Amino acid sequence: MTVFLPRTAVLTGGLAVAAALTLSACGAAPDDSTTADGKSAATATSAEAFGGMDALVRAAKKEGTLHAIALPRDWANYGALIDGFKKKYGIKIEVENPDGSSQDEINAVTSRKGQDRAPDVLDLGSSFAVSAAQQGLLAPYKVADFAGIPEGQKDAQGRWYNDYGGYISIGCDAGRVKECPTTFKDLLKPQYKGQVALNGNPTKSGSAFGGVWAASLANGGSFDDIQPGLDFFAELKKNGNYTPVESTPATVEKGETPISIDWDYLNAGYADEFKSKGLDWKVAVPEDGKFSQYYSQAVNKDAPHPAAARLWQEYLYSAEGQNLWLKGYARPALMTAMEKAGTLDETAAGKLPEVSGTPRFPTEDQQSKAKEVLGQGWGKAVSG
């Protein structure tokens, strides 16, 4: 298992409206993304609408390339997904700015509209996916197993849908920390002075944003009220426990961030990798602040390789793709459906960090409100 690197998911920023896709001129020879009977991959809302999977595969192979952005190979097992797609279809995947943010993805879409170097597909923080759909940047496309994605985790038109996710967890270097914390309440104890870190700034990082919201739930807050989370980190800062150092595998190994609030699939990945280096990394999902969130997949409405973009989605939401995320400790969106169908990798599922209860997710309005509160209050909470 490889170490997961921090992948930020920016939670603020304006989005420009993408223009309509330019179609082939009437009478011109069909391009690589158009079938013999004139069906265009750029407007196909499903594989069936394009003429079936075989037709989609042929068109994608003719395009020969997929442009992706902000996909680190060592984030949630993306390296295996990229290699698996290339091996299966012989299509080259070019990944730009692998450690980029959701804002970087959106910037690339809007600034390169109509250019061949624009990204074909996007893996966005959930709030960004919702905003991008509202702004007309995303193409409606429903994968074959679209119905199996739980309600509330997909756009009705198929412009975005959740792909993988997890819970906020507390990772701890048991070799440097005598007694590892397992709850947010524990983090306030004086023995953790200068040791508690987030994976980035919560106004820019999806995992850090989730960490603040989890802290809110642990301290009387709700999806409608993230303020108690800011108050919690203000208290951590005041008593000296919070460190502004962004937690990464490197800072963990150096001992700079021995306690890291991050997604459970990232912390679990650290545990696997650090074991070979003699570092005992413990992972706990805090019972007093259970917060779950997913990232979302989407196709750029102006994708330069529209068939390959849609085939990539079909691969990610196949049993093969979903189980590869699972092997990276991420909970795939189709996990429940696959469990019922008997296609879930039970061994990989059994290695997930333990958590009880059914996950709930904030609404679009609740996310927007939380972003506003964070944007206005985070700097003040941890300043000084």
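Remember, it's a predicted structure, so these values are computed and weren't measured experimentally.

Analysis parameters
- Residues numbered from 1 in each chain as written.
- Predicted model: local features only at pLDDT ≥ 70, side-chain atom pairs only at ≥ 80, totals over all residues.
- Heavy atoms only, no water.
- Axes fitted to C-alpha atoms, helices over the stretch in contact; angles between N-to-C directions.
- Helix = DSSP H or I, 4+ residues; strand = E, 2+ residues; numbered from the N terminus.
- Parallel < 35°, antiparallel > 145°, perpendicular 65-115°, else oblique.
- Left-handed = near helix turned anticlockwise from the far one by under 90°.
- Contact = heavy atoms within 4.5 Å.
- Nonpolar A, V, L, I, M, F, W, Y, C, P; charged D, E, K, R; others polar.
- Buried < 20%, exposed > 50% of the residue type's maximum accessible area, 1.4 Å probe, protein only.
- Domains from an automatic or database assignment.
- Buried area = accessible area lost by both parts, 1.4 Å probe.
- Salt bridge = Lys/Arg side-chain N within 4 Å of Asp/Glu carboxyl O.

Let's shift gears to the packing of helix α5 (residues 126–134) against helix α14 (residues 364–382). α14 packs onto α5 with a crossing angle of 110° between their chain directions and a minimal axis gap of 10 Å. Judged by the angle between their axes, α5 and α14 are roughly perpendicular. As α5 packs across α14, the resulting crossing turns out to be left-handed. Judged by residue contacts, Ser126, Ser127, Val130, Ser131 and Gln134 of α5 engage Glu364, Gln367 and Lys371 from α14. When its residues are assigned to classes, the contact of α5 with α14 shows 1 nonpolar, 5 polar and 2 charged.

The next thing to look at is unusual backbone geometry. The phi torsion at Ala76 lies on the positive side, around 55°, for a residue other than glycine. On the accessibility criterion, Ala76 (0% relative accessible area) is buried. Residue Asn77 is not a glycine yet carries a positive backbone phi of 70°. Within the element layout of this structure, Asn77 appears in the loop between β1 (65–69) and α3 (78–89). Residue classification places Asn77 among the buried positions, given a relative accessible area of 17%.

Turning next to the environment of Trp160. Relative to the elements of secondary structure, Trp160 occurs in the loop between α5 and β4 (161–173). Each C-alpha atom, one on Trp160 and one on Leu122, is 9.4 Å from the other, the two residues being 38 residues apart in sequence. Setting aside its immediate chain neighbours within four residues, Trp160 contacts Ala129, Val130, Ala133, Leu138, Gln153, Lys154, Asp155, Ser296, Gln297 and Ala298.

Here the protein is described as being made up of domain 1 (48–165 + 294–350) and domain 2 (166–292 + 363–382). For domain 1 versus domain 2, the separation of C-alpha centres amounts to 28 Å. With 15 residues of domain 1 at the interface, the matching set in domain 2 holds 15 residues. Between domain 1 and domain 2, the buried area comes to about 1100 Å², and carbon and sulfur atoms account for 52% of it. If you sort the residues of domain 1 by the area they bury against domain 2, Trp75, Tyr329 and Arg331 come out on top, with a joint share of 41%. The tally of links between domain 1 and domain 2 comes to 1 salt bridge. Within the residue set of the side of domain 1 that touches domain 2, elements represented by two or more residues are α5, β4 and β8 (292–299). The element that contributes the greatest number of residues to the side of domain 1 that touches domain 2 is α5, accounting for 5 residues. Looking at side-chain class alone, the side of domain 1 that touches domain 2 contains 8 nonpolar, 6 polar and 1 charged residues.

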